[in-house]
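Tertiary structure, described
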Amino acid sequence: MDRRGFLTALGIGGTMALTGTGRAYATGPDRPRAPRDTTAPPDWSALKARLDGRLLLPQDQGYAVARLGYNELNDVQLPAAVARCTSPDDVRSCLDAARGHGVPIAARSGGHSYLGYSVPNDGLVMDLRPMARVQVQPDGTVRVGAGARLIEVYAALAAAGRLLPAGSCPTVGISGLALGGGIGVLSRRYGLTCDRLVSARVVTADSRLLTASPSCEPDLYWALRGGGGGNFGVVTEFTFSTEPAPDLTVFALRFPAEAATSVVGAWQEWIADAPSELWTNCVVSGADRPTARVGGCYVGRPGDLDPLLDRLVTAAGTQPTSRTAQSKSYLDAMKYMAGCANDTIAQCHPVSEGGRLPREGFVAASRILTAPLDAQQVTRLMTGHPGIDLLLDSLGGAVSRLAPDATAFPHRSALASAQIYAGATPAGQQAATAAVDAIRDGLGALGATGAYVNYIDATLPDWGTAYYGGNLARLKSVTRQYDPDQVFAFPQSVARA
């Protein structure tokens, strides 16, 4: 789920380092800055030649599809060019061509940026999808190209009997997910995706290729674990630690409409005392009489899960209208949570890549619950809003075992995240946004004031503090260190918070 903006002038100088292609790039913190013409457009023809034709301009065949992100409401945004990057050198070439010309620039992995920051209007898109190789190493780590989609990561790991905790949407890119934290269906047992980051290869604003790890560029490494995509450089490859993949149990319970309030209240108390093997969500669907359903994923057998589900039902005081629990392999569980349980891996891809999964038009916002909210007030917020869902995802467990400042992701003590999601067309976007914002602000008034940067939100009040809490000051310091000229600045970048 994915975020950048306008370039400012940045010169080239300092010590020169040769890449594998024989090209020279600037390195060193004290490089002199040559003036650039911010009114002149980049030389797109030269960049196209440098990329062997893998630069698409508006008149080129394939541009109409290549420019698109996931959210159809952002289709009005028309980038000046889309570069199909196959290597870090391609990223460097793009930065060298666009830097200092006053054009927006963005790296795109899966294209799921809610606000379309990965498809900047009149800017350059560095499409990282060609860098999607997933390699499981003998030591159990996995090297993942920045353009890999989650379904590709899951399939490769499952073949090796390993797992990585990550999100549920199969077409989301690994980059945006991991850089914003990586809340997912196994996070209570195995941590966030960013908690599994061993190292990352990063192209910085001045075209240096760095490795960020606990021992190399430690400030950058810290910031990449939850500081949000697009803020500090372009990650071209990740190395994650993994775990052996056990069998899992997926489950779903639906409750009658009159039970929505009691279910929301019981669910919040239930997850506060749940074992870390249990991840669960509670979805409240808006209507004149809102409804609630509960689903999730359990690291263990259905027989061990049943007493936990019984506890929820007892606390809710209402029997569900349906209740299922199914044992599945790791890959099958991930496909189930992704909504493509009966599809092949190829089919769990976007239509544009030969799969069956369509794009969507939507507006969304988020909040972070640090304690249970008044369930009656939550239900009241959703009353009269058909077509809008409130998705509460449990946190805690392994997520809470790190201090809030151990990584850039600050919400370590949170009970749950909340996403308000509404499908929308361009004609209905304004009304949907107003309704979503009202629910978001209502949750804030109830005490849920934080927010999740991967659900980036244009009108979120005090968004820098909401996303990053007490880590904002250090993140801004890292930005000044690695991008002093705000090459990667965008409307909600750390530099502008």
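The rules behind the values
- Residues numbered from 1 in each chain as written.
- Predicted model: local features only at pLDDT ≥ 70, side-chain atom pairs only at ≥ 80, totals over all residues.
- Heavy atoms only, no water.
- Buried < 20%, exposed > 50% of the residue type's maximum accessible area, 1.4 Å probe, protein only.
- Helix = DSSP H or I, 4+ residues; strand = E, 2+ residues; numbered from the N terminus.
- Pairing = 2+ DSSP bridges.
- Core = buried A, V, L, I, M, F, W, Y, C linked by side-chain atoms within 4.5 Å.
- Axes fitted to C-alpha atoms, helices over the stretch in contact; angles between N-to-C directions.
- Expected span 1.5 Å × (residues − 1).
- Salt bridge = Lys/Arg side-chain N within 4 Å of Asp/Glu carboxyl O.
- Contact = heavy atoms within 4.5 Å.
- Phe/Tyr/Trp six-rings, centres within 6.5 Å; stacked < 30°, edge-to-face > 60°.
- pLDDT = per-residue confidence, 0-100.
- Parallel < 35°, antiparallel > 145°, perpendicular 65-115°, else oblique.
- Left-handed = near helix turned anticlockwise from the far one by under 90°.
- Nonpolar A, V, L, I, M, F, W, Y, C, P; charged D, E, K, R; others polar.

This next bit is on the pairing of strand E20 (residues 416–423). With 6 of 8 residues buried, E20 lies mostly within the body of the structure. Pairing of strand E19 (residues 388–394) with E20 involves 7 bridges; the strand directions are antiparallel. The residue bridging Asp393 from the neighbouring strand is Ser417, located in E20.

Turning our attention to the nonpolar core. Residues Leu55, Val91, Leu124, Leu186, Leu224, Phe238 and Phe240 are the most contacted members of the largest nonpolar core, which totals 98 residues. With 47 residues, the next largest nonpolar core counts Leu253, Trp270, Cys282 and Ala448 among its residues.

This next bit is on the sheet that holds strand E11 (residues 209–212). A sheet is described by the order of its strands in space; here 5 strands give the open sequence E7-E8-E12-E10-E11, paired in antiparallel fashion. Because the sheet does not close on itself, it has two edges, and the strands there are strand E7 (134–136) and E11. Taking each pair of neighbouring strands and ignoring which way they run, the sheet shows an average axis angle of 15°. Here strand E10 (residues 197–203) runs beside strand E12 (residues 234–241); their pairing, made up of 6 bridges, is antiparallel. In the strand pairing of E12, Ser199 is matched with Thr239.

In this section: helix H8 (residues 260–272). Side chains of residues three or four places apart in an α-helix project in the same direction, reflecting 3.6 residues per turn. Between its terminal C-alpha atoms H8 stretches 19 Å, which fits the 18 Å expected from 13 residues at 1.5 Å a residue. Those residues of H8 that sit buried are Ala260, Val263, Val264, Ala266, Trp267, Gln268, Trp270 and Ile271.

Another point: the pattern of salt bridges. All chains considered together, the criterion is met by 24 salt bridges. Across the salt bridge formed by Arg208 and Asp206, the nearest N and O atoms sit 3.0 Å from each other. Across the pair, Asp206 and Arg208 agree in class, each one buried. A salt bridge links Asp441 to Arg440, with the nearest nitrogen and oxygen atoms 2.9 Å apart. We classify Arg440 as buried; its relative accessible area is 2%.

To continue, consider unusual backbone geometry. Of note in this structure, Glu217 is not a glycine but carries a positive phi near 50°. Tracing the sequence through the fold places Glu217 in the loop between E11 and helix H7 (218–224). Judged by relative accessible area, which is 28%, Glu217 ranks as partly exposed. One non-glycine residue, Gln486, lies in the positive phi region at around 55°. As for its placement among the helices and strands, Gln486 is situated in the segment after helix H14 (472–482).

Turning next to the sheet that holds strand E18 (residues 362–369). Taken in spatial order, the 7 strands of this open sheet run E17-E14-E16-E15-E19-E20-E18, and their pairing is antiparallel. Every other strand in the sheet has two partners, leaving strand E17 (322–328) and E18 as the edge strands with one partner each. In this sheet, neighbouring strand axes are inclined to one another by 15° on average, regardless of whether the strands run parallel or antiparallel. As judged from the 6 bridges shared by strand E14 (residues 248–254) and strand E16 (residues 291–298), these two strands associate in the antiparallel manner.

Here we take up the environment of Gly450. As for its placement among the helices and strands, Gly450 is situated in the loop between helix H12 (429–445) and helix H13 (463–468). Put simply, Gly450 and Ala414 are 36 residues apart on the chain and 9.4 Å apart in space, counted from C-alpha to C-alpha. Residues in contact with Gly450, not counting those within four places in the same chain, are Ser366, Arg367, Ile368, His411 and Ala466.

As a further point, take the environment of Pro302. The residue Pro302 is located in helix H9 (residues 302–316) in this model. Of the residues examined, Pro302 reaches a relative accessible area of 25% and is grouped as partly exposed. The residues touching Pro302, leaving out its near neighbours within four places in the chain, are Thr249 and Ser327.

What the rule picks out here adds up to 11 aromatic pairs. Taking 5.2 Å as the distance between ring centres and 55° as the angle between the ring planes, the aromatic pair formed by Tyr117 and Phe490 counts as tilted. With Tyr117 in the loop between strand E5 (105–108) and strand E6 (124–127) and Phe490 in the segment after H14, this residue pair connects regions lying 373 residues apart in the sequence. A single burial state applies to Tyr117 and to Phe490, both of which are buried. Taking 6.2 Å as the distance between ring centres and 50° as the angle between the ring planes, the aromatic pair formed by Trp463 and Tyr467 counts as tilted. Note that Trp463 and Tyr467 are positioned in helix H13 at a spacing of 4 residues, about one turn of the helix. The class for Trp463 is buried, based on a relative accessible area of 15%.

Time to look at the confidence of the model for the chain. Scored by pLDDT, the chain has a mean of 92; 93% of the residues are at 70 or more. Across residues 1–35, where pLDDT falls below 50, the model places 123 contacts with residues more than four positions away in sequence or in other chains.

The next subject is the packing of helix H11 (residues 375–382) against H12. Relative orientation of the contacting elements H11 and H12 amounts to 165°, with a least axis distance of 10 Å. In terms of orientation, H11 lies roughly antiparallel with respect to H12. For H11 against H12, the interelement crossing comes out right-handed. When H11 is examined against H12, the residues Val378, Leu381 and Met382 are found in contact with a partner set consisting of Ile439, Gly442 and Leu443. For the contact of H11 with H12, the class distribution of residues is 5 nonpolar, 1 polar and no charged.

Two elements in contact, H8 and H9, have axes whose closest approach is 8 Å; the angle formed by their N-to-C orientations is 135°. By the angle between their directions, the pair H8 and H9 is classed as oblique. For the crossing formed where H8 meets H9, the hand is right-handed. Note on element contacts: H9 touches H8 through Leu308, Leu309, Arg311, Leu312, Ala315 and Ala316, opposite Ser262, Val263, Ala266, Trp267 and Trp270. Its residues placed into classes, the contact of H8 with H9 shows 9 nonpolar, 1 polar and 1 charged.

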